[in-house]
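Listed below are the residues making up each chain.
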Amino acid sequence: MCGPPSARIPTAAGAVLAGVAILALALALRTGATPRTALLHAQPAQGAGDARSPAAATAPPPAGEHDGRAAEPSPASPPAAGAPSAAAGEPDQTEKSDLMDGYPMGLAAPAGIAPSAAAHDEVTPAEVGVRGRPYYDLEAELDVARRTVRVRQRLEYPNRSGDALPDLVPAVAPNRRPGVFTLDELAMDGAPLAPGCCLDGAALRLPLPQPLPPGGQAVVTLSYTLRLPPLPAQAIGAGGALGWTLRQINLGEWLPLAAVRKDGQWYVPPAGAVGEDALHDAADFDLAVTLTGLPPLAEPQIIAPGTRTVGGGVHRFHLERSRTIAWVVSSQMAVATAPAGDVPVESYFFPAHERAGQAALRVAAAALQQFSQLFGPYPYPSLAVVEGDFLDGMEYCGLVFVGRDYYGAYDGSAANYLTAITAHEVAHQWWHCRVGNDPVAEPWLDEALATFAELLFYEAHFPQALPWWWNVRVQRFQPRGWVNRAASEFSTLRAYIDAVYLRGALMLHELRAQMGAPALQAAFLDYATRYDGQIATGDALWAILERHSSAPLDHVRARYWRPAP
């Protein structure tokens, strides 16, 4: 999630404080607790859709994009007329579940201190074989003291279109930030190019020596340097995913990735005031990370998705069918692990937030199992949930951030943004990673579905907290706006969240009432299967919804969907 640009903190002050951060030793708490993971065939909880009693008094959530306040307080609004609210006799909202502070019956609470090695450390990377997807081979050397990264990258790009391509255009997200990205060397199919020849803002426009025919492959090699910026205290969403704080170095939007083809042209989505702009085909990644500039005794963790091998001071990660590969380095994070079926889930958190970190682990594991039943198999070998040292959350394939304020405000109950946003970010593993979409033109395709997945999660695991979710997460903002507006049409974060996230979830809630829960679940599974590894459109999803519905849907669409001009 990406809010408006924020001012950077003073570099000199940051440099002094960074020295303190480098000296911190790794603390790694690892547990074997297995959370309860109820599987869902979602139905609205009794009374959740038509109760009318007043909402329970609830403290406002921490600032962040998901609550739309962008780090500024927002007064609570009364629920809209007819909105779901707490029914008479509803259980206390702070009632605890075994997914929260307690542990499942028959399981002891974790004890002891274990090394921080992740559960998938010893898995051997899969054979790459013949690819039909882009492939990225990355060698990254991070100088922790200087907070710079030197990268050598090889991109193998197969032409899967039906046209001969005269050029190749990687999108260079880090070049959207002044002073971060420097291109040092560049070659196309082994022929050197002047580094200054082709970089045009966030696009690297590479001429091909001859048109690339359908089925052909081009190879780009490049070397570049990243000078990571200090993150401001109010960094939010994607704005916190590239840079450093005293406790964490984040590399989310860090590498050039091949742009997508749209209407016969290369398409690099424009950056806007709100929302996200990363749009890429599913690809395979090999990442090798080495760390330099470390003082004696420092033992930072390298957190990244995929299968991992370690040897000779090099951490290697292999990840397939992903939109990108994000990674984090920190000496100050504890880790707890639990299985979700056969998928290891890892929760990384700052030690002061251990209670919240354990809760995030249980929620993520339960959500992963539930959504795998609803939307199809989880596509990656592991899942890391990382407490971001910034506001709100941000999704990457196999790794998600949940903001520090949500951990700090965790109160042991399900009526808490930590629970909602963790479930939301896990849902993005299907709606963004497995099925891609244009986040500028049609942001609702992942954000509305991920917000609706929060509702499904609460219905399955915390029905006693449904009134909180409806009242605090949705109705207190009295959301308005067409669901299918482009992100570029919004000038404020509040209006964007209201229309795309909240009214999007309301639309899907109404569709479920019209279609029936089994038909909607079948439609979601069909959508995830048909567009697995692809980039879908809103029209494609609507066609699937209509195919699975025996009832007409036009009146629901008309209420939420802006008609075509």
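Starting afresh in each chain, residues are numbered from 1 along the sequence in its written order. Whole-chain, interface and lining totals are the exception, using all residues; otherwise, since this is a predicted model, local features are given only for residues with pLDDT of at least 70 and side-chain atom pairs are given and counted only at 80 or more. Excluding hydrogens and water, the side-chain values take into account all heavy atoms of the structure.

1. Overview of the overall build of the protein
Numbering of helices and strands runs from the N terminus, with a helix taken as a DSSP run of H or I at least four residues long and a strand as a DSSP run of E at least two residues long. The helix and strand inventory of the protein stands at ten helices and 25 strands. Residue exposure (1.4 Å probe, protein chains only): buried if accessible area is under 20% of the type maximum, exposed if over 50%, otherwise partly exposed. The buried share among the 565 residues of the protein stands at 58%. Within the protein, contacts between residues at least 6 apart in sequence are counted, and of these 76% link residues at least 24 apart. Contacts were defined at the residue level, with two residues in contact if any of their heavy atoms lie within 4.5 Å.

2. As for helix 4 (residues 417-427)
In terms of burial, helix 4 is a largely internal element, eleven of the eleven residues being buried. Where helix 4 is concerned, the buried positions are Tyr417, Leu418, Thr419, Ala420, Ile421, Thr422, Ala423, His424, Glu425, Val426 and Ala427. Within 3.5 Å is the distance limit for a polar contact, defined as a pair of N or O atoms, with the added protein rule that one can donate a hydrogen and the other accept it, and that residues adjacent in sequence qualify only through two side-chain atoms. One side-chain oxygen of the residue at the start of helix 4 lies 2.9 Å from the amide nitrogen of Leu418, identifying that residue as Asn416.

3. Some points on the nonpolar core
Nonpolar cores are built from buried Ala, Val, Leu, Ile, Met, Phe, Trp, Tyr and Cys residues. Side-chain atoms within 4.5 Å join them into one set. Grouped together as the largest cluster of nonpolar side chains are 147 residues, with contacts concentrated most on Leu138, Tyr224, Trp254, Trp327, Phe371 and Trp444. The element that contributes the greatest number of residues to this core is helix 2 (residues 354-375), accounting for 13 residues. Formed by 18 residues, the second largest nonpolar core is a distinct cluster that contains Ala241, Ile303, Val386 and Phe390.

4. Section: the pattern of salt bridges
Any carboxyl oxygen of Asp or Glu within 4 Å of a side-chain nitrogen of Lys or Arg constitutes a salt bridge here. Using the criterion set out here, one finds 21 salt bridges in the structure. Between Asp389 and Arg404 there is a salt bridge whose closest N-O contact spans 3.4 Å. Of the two residues, Asp389 sits in the loop between strand 23 (383-388) and strand 24 (393-396) while Arg404 sits in helix 3 (residues 404-408), which places them 15 residues apart along the sequence. The pair Asp389 / Arg404 is uniform in exposure class, with both members buried. Residues Asp526 and Arg530 are paired through a salt bridge, measuring 2.6 Å at the closest nitrogen-oxygen approach. Of this pair, Asp526 and Arg530 both sit in helix 8 (residues 517-530), four residues apart, roughly one helical turn.

5. A short note on the sheet that holds strand 10 (residues 217-227)
Note on pairing: two strands pair once DSSP finds at least 2 bridges between them. In space, the eight strands of this open sheet follow the order 6-5-10-2-1-16-19-18, with mixed pairing throughout. The sheet is open, and its two edges are formed by strand 6 (191-193) and strand 18 (307-311), each paired on a single side. Going across the sheet, the axis of each strand differs from the next one's by a mean of 15 degrees, ignoring polarity. Only the contacting stretch of a helix is used when fitting its axis, a line to C-alpha atoms as for every element, and angles between N-to-C directions run 0 to 180 degrees.

6. A short note on the packing of helix 7 (residues 493-515) against helix 9 (residues 538-548)
Running from N to C, helix 7 and helix 9 point in directions that differ by 25 degrees, and their axes come no closer than 11 Å. What the angle tells us is that helix 7 and helix 9 run roughly parallel. Read as a crossing pair, helix 7 and helix 9 show a hand that is right-handed. The residues of helix 9 that touch helix 7, namely those facing Met507, Leu511 and Met515, are Trp542, Leu545 and His548. Under the scheme applied here, ten amino acids are nonpolar (Ala, Val, Leu, Ile, Met, Phe, Trp, Tyr, Cys and Pro), four are charged (Asp, Glu, Lys and Arg), and all others, including Gly, are polar. Its residues placed into classes, the contact of helix 7 with helix 9 shows five nonpolar, one polar and no charged. Orientation is classified from the angle alone, with under 35 degrees giving roughly parallel, over 145 giving roughly antiparallel, 65 to 115 giving roughly perpendicular, and any other angle giving oblique. Helix crossings are classified by the rotation of the near helix relative to the far one: an anticlockwise turn of less than a right angle makes the crossing left-handed, while a clockwise turn makes it right-handed.

7. Notes on the confidence of the model for the protein
Scored by pLDDT, the protein has a mean of 82; 77% of the residues are at 70 or more. A low-confidence stretch, residues 2-59 (pLDDT under 50), is modelled with 156 contacts involving residues beyond four sequence positions or located in other chains. Confidence scores here are pLDDT values: one per residue, from the predictor, ranging 0 to 100. Considering only residues more than four positions removed or in separate chains, one finds that residues 68-98, a stretch of pLDDT under 50, has 78 contacts.

8. Description of helix 9
Among all positions in helix 9, only Gly538, Ala540, Leu541, Trp542, Ile544 and Leu545 are buried. Here the buried face of helix 9 lies against helix 5 (444-461), helix 7, helix 8 and helix 10 (554-560).

9. Observations regarding the sheet that holds strand 17 (residues 301-303)
Across the sheet, which stays open at both edges, the four strands sit in the order 11-12-20-17 with antiparallel pairing between neighbours. Of all strands in the sheet, those bounded by a partner on one side alone are strand 11 (242-244) and strand 17. Neighbour to neighbour, the strand axes of the sheet diverge by 10 degrees on average, direction disregarded. Of the pairings in the sheet, the one linking strand 12 (residues 249-251) to strand 20 (residues 327-330) comprises three bridges and is antiparallel in character. The residue bridging Leu251 from the neighbouring strand is Trp327, located in strand 20.

10. A look at the packing of aromatic side chains
Pairing of aromatic rings covers Phe, Tyr and Trp, the last counted by its six-membered ring, and requires centre-to-centre distances within 6.5 Å; plane angles under 30 degrees mean stacked, over 60 mean edge-to-face, and any other angle means tilted. Scanning the model with the defined rule gives 28 aromatic pairs in all. With a centroid separation of 5.8 Å and an interplanar angle of 50 degrees, the aromatic rings of Tyr527 and Tyr531 are classed as tilted. Aromatic side chains Trp542 and Trp561 sit 5.7 Å apart centroid to centroid with 85 degrees between the ring planes, which places their arrangement in the edge-to-face category. Of the two residues, Trp542 sits in helix 9 while Trp561 sits in the segment after helix 10, which places them 19 residues apart along the sequence. Judged by its relative accessible area of 1%, Trp542 falls in the buried class. The exposure class of Trp561 is buried, given its relative accessible area of 9%.

11. Some details on the packing of helix 5 against helix 9
Two quantities define a packed helix pair, namely the angle between the axes and the distance from one axis to the other. Remark: helix 5 packs on helix 9, axes separated minimally by 10 Å, with the N-to-C direction vectors making an angle of 50 degrees. Overall, the two elements helix 5 and helix 9 adopt an arrangement that is oblique. Facing Trp444, Leu445 and Leu449 of helix 5, the residues of helix 9 in contact are Gly538, Leu541 and Trp542.

12. Regarding the pairing of strand 21 (residues 334-340)
The buried fraction of strand 21 amounts to six of the seven residues, a majority that puts the element mostly inside the structure. In terms of strand pairing, strand 21 meets strand 22 (residues 343-349) through seven bridges, oriented antiparallel. When the sheet's bridge partners are listed, Thr337 is paired in strand 22 with Glu346. Once strand 21 ends, the chain turns through two residues before running back antiparallel as strand 22, passing Gly341 with a positive phi of about 65 degrees.

13. Examining unusual backbone geometry
Located in the positive-phi region is Asp189, a residue other than glycine, with phi close to 50 degrees. One can find Asp189 in the loop between strand 5 (181-188) and strand 6. The phi dihedral of Gln478 is positive, around 45 degrees, even though this residue is not glycine. Note that Gln478 resides in the loop between helix 6 (466-474) and helix 7. Overall, Gln478 belongs to the partly exposed group, its relative accessible area being 33%.

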